[in-house]
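Spelled out from the first residue to the last, the chains are:
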Amino acid sequence: MFTGIIEEVGKVSKIHKQGEFAVLTITGKRIFDDMKLGDSIAVNGVCLTVTEFGSNHFSADVMSETLKRTSLGDLQPNSPVNLERAMAANGRFGGHIVSGHIDGTGEISEITPAHNSTWYRIKTSPKLLRYIIEKGSITIDGISLTVVDVDQESFRVSIIPHTLAETNLGTKKVGSIVNLENDIIGKYVEQLLGKKDDQPTSNLSREFLAKAGF
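None of the values given here were measured: they were computed from a predicted structure.

## Topic: the overall build of the protein chain
Regarding its fold elements, the protein chain presents five helices and 12 strands. Scaling as 2.2 N^0.38, a compact globule of 214 residues should have a C-alpha radius of gyration of about 17 Å, and the protein chain matches this with 18 Å. When the backbone C-alpha atoms are referred to their principal axes, the protein chain occupies close to 60 × 40 × 40 Å. Across the 214 residues that make up the protein chain, the buried fraction comes to 42%. As displayed, the protein chain has an accessible area near 12,000 Å², and 52% of this comes from carbon and sulfur atoms. Where the 23 positive side-chain charges of the protein chain centre and where its 26 negative ones centre are 2 Å apart.

Here it is as structure tokens:
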């Protein structure tokens, strides 16, 4: 589990493609002091497993499904990537619950400076937008952010200078593709209510909850 608080921006040093999957090698500075084989590292929000590491680099396998469903397939040598180690049990919970399992991608459609922040508008599919609500949480390339507003095709977030300086978001442009992970709580609530697509319905309904005083 992660929190969406980026620890550092690393760089892709090598991409070794082997058929339908790839091995990523990433360099950095801050996250190696307690690294072990098998550790989970979020790379642009995607949970990957450390398969080899040294004093300033680590490697991880990226399966074909991950390459298809995330932006990791677009990475090139020297691409900056957001890095976060899995949350320590004694650590501070600074962001929100982030699983590292990407729901899909979005495209940056607007970048607008505004006083001491920058507004980013992200276009994405209705499948993801159904879980995105005003003032709710969203993970963009592994960064825990608060949704400002939502329309039928997109949503906006406001980025403070610190976040631009400490993540790779400041390198993104209009048209850049970003990884999105919806707030996991909304997905579980929908599942429990039995409202998702053609899945069997639950006896727990909105009407039942209303009659019970909820």
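## Quick word on the pattern of salt bridges
Across all of its chains, the model carries 12 salt bridges by this definition. Salt-bridge contacts for E110 lead to R121; the nearest nitrogen and oxygen are separated by 3.7 Å. Of the two residues, E110 sits in strand β7 (residues 104–114) while R121 sits in strand β8 (residues 117–123), which places them 11 residues apart along the sequence. On the basis of relative accessible area, E110 is assigned to the partly exposed category, the value being 38%. A salt bridge links K172 to D141; its shortest N-O distance comes to 3.2 Å. With K172 in the loop between α3 (161–166) and β12 (177–182) and D141 in the loop between β9 (137–140) and β10 (143–150), the pair connects residues that are 31 residues apart, well separated along the chain. Judged by its relative accessible area of 16%, K172 falls in the buried class. By relative accessible area, which is 0% here, D141 ends up buried.

## Things to note about the UniProt feature "domain: Lumazine-binding" (unreviewed entry) in the protein chain
In the numbering used here, UniProt assigns the "domain: Lumazine-binding" (unreviewed entry) feature to residues 1–96 and 97–193. Strand forms 44% of residues 1–96 and helix 6%; the C-alpha atoms that close the span are 10 Å apart. As a span, residues 97–193 carries 21% helix and 43% strand, and end to end its C-alpha atoms are 21 Å apart.

## Description of the sheet that holds strand β2 (residues 21–27)
The strand order around the closed barrel formed by six strands is β1-β2-β5-β4-β3-β6, and the pairing between neighbours is antiparallel. The mean angle between the axes of side-by-side strands here comes to 45°, regardless of whether they run parallel or antiparallel. In this sheet, strand β6 (residues 80–85) lies alongside strand β1 (residues 8–18) in antiparallel orientation, the contact comprising four bridges. Within β6, the residue paired with E8 across the bridge is L83.

## Let's talk about the layout of surface pockets
Roughly 350 Å³ of internal volume is contained in the largest pocket. Lining the largest pocket are 18 residues, with E7, R85, A86, M87 and A88 positioned closest to its centre. Listing elements by their share of the lining of the largest pocket, those giving two or more residues are β3 (40–43) and β6. Partitioning the lining of the largest pocket into residue classes produces eight nonpolar, three polar and seven charged.

Rules used in this analysis
Residues numbered from 1 in each chain as written. Predicted model: local features only at pLDDT ≥ 70, side-chain atom pairs only at ≥ 80, totals over all residues. Heavy atoms only, no water. Helix = DSSP H or I, 4+ residues; strand = E, 2+ residues; numbered from the N terminus. Rg over C-alpha atoms; globule rule 2.2 N^0.38 Å. Buried < 20%, exposed > 50% of the residue type's maximum accessible area, 1.4 Å probe, protein only. Areas by Shrake-Rupley, 256 points an atom, 1.4 Å probe, with all protein chains shown as cover. Lys, Arg positive; Asp, Glu negative; His and termini not counted. Charge placed at Lys NZ, Arg CZ, Asp CG, Glu CD. Salt bridge = Lys/Arg side-chain N within 4 Å of Asp/Glu carboxyl O. UniProt positions renumbered as here; feature names shortened; annotations may be inferred. Pairing = 2+ DSSP bridges. Axes fitted to C-alpha atoms, helices over the stretch in contact; angles between N-to-C directions. 1 Å grid on protein atoms, 1.4 Å probe; cavity = no way out; pocket = protein on both sides within 12 Å on 5 of 7 lines; lining within 4 Å. Points joined across faces, edges and corners; volume = space filled by probe spheres on them. Nonpolar A, V, L, I, M, F, W, Y, C, P; charged D, E, K, R; others polar.

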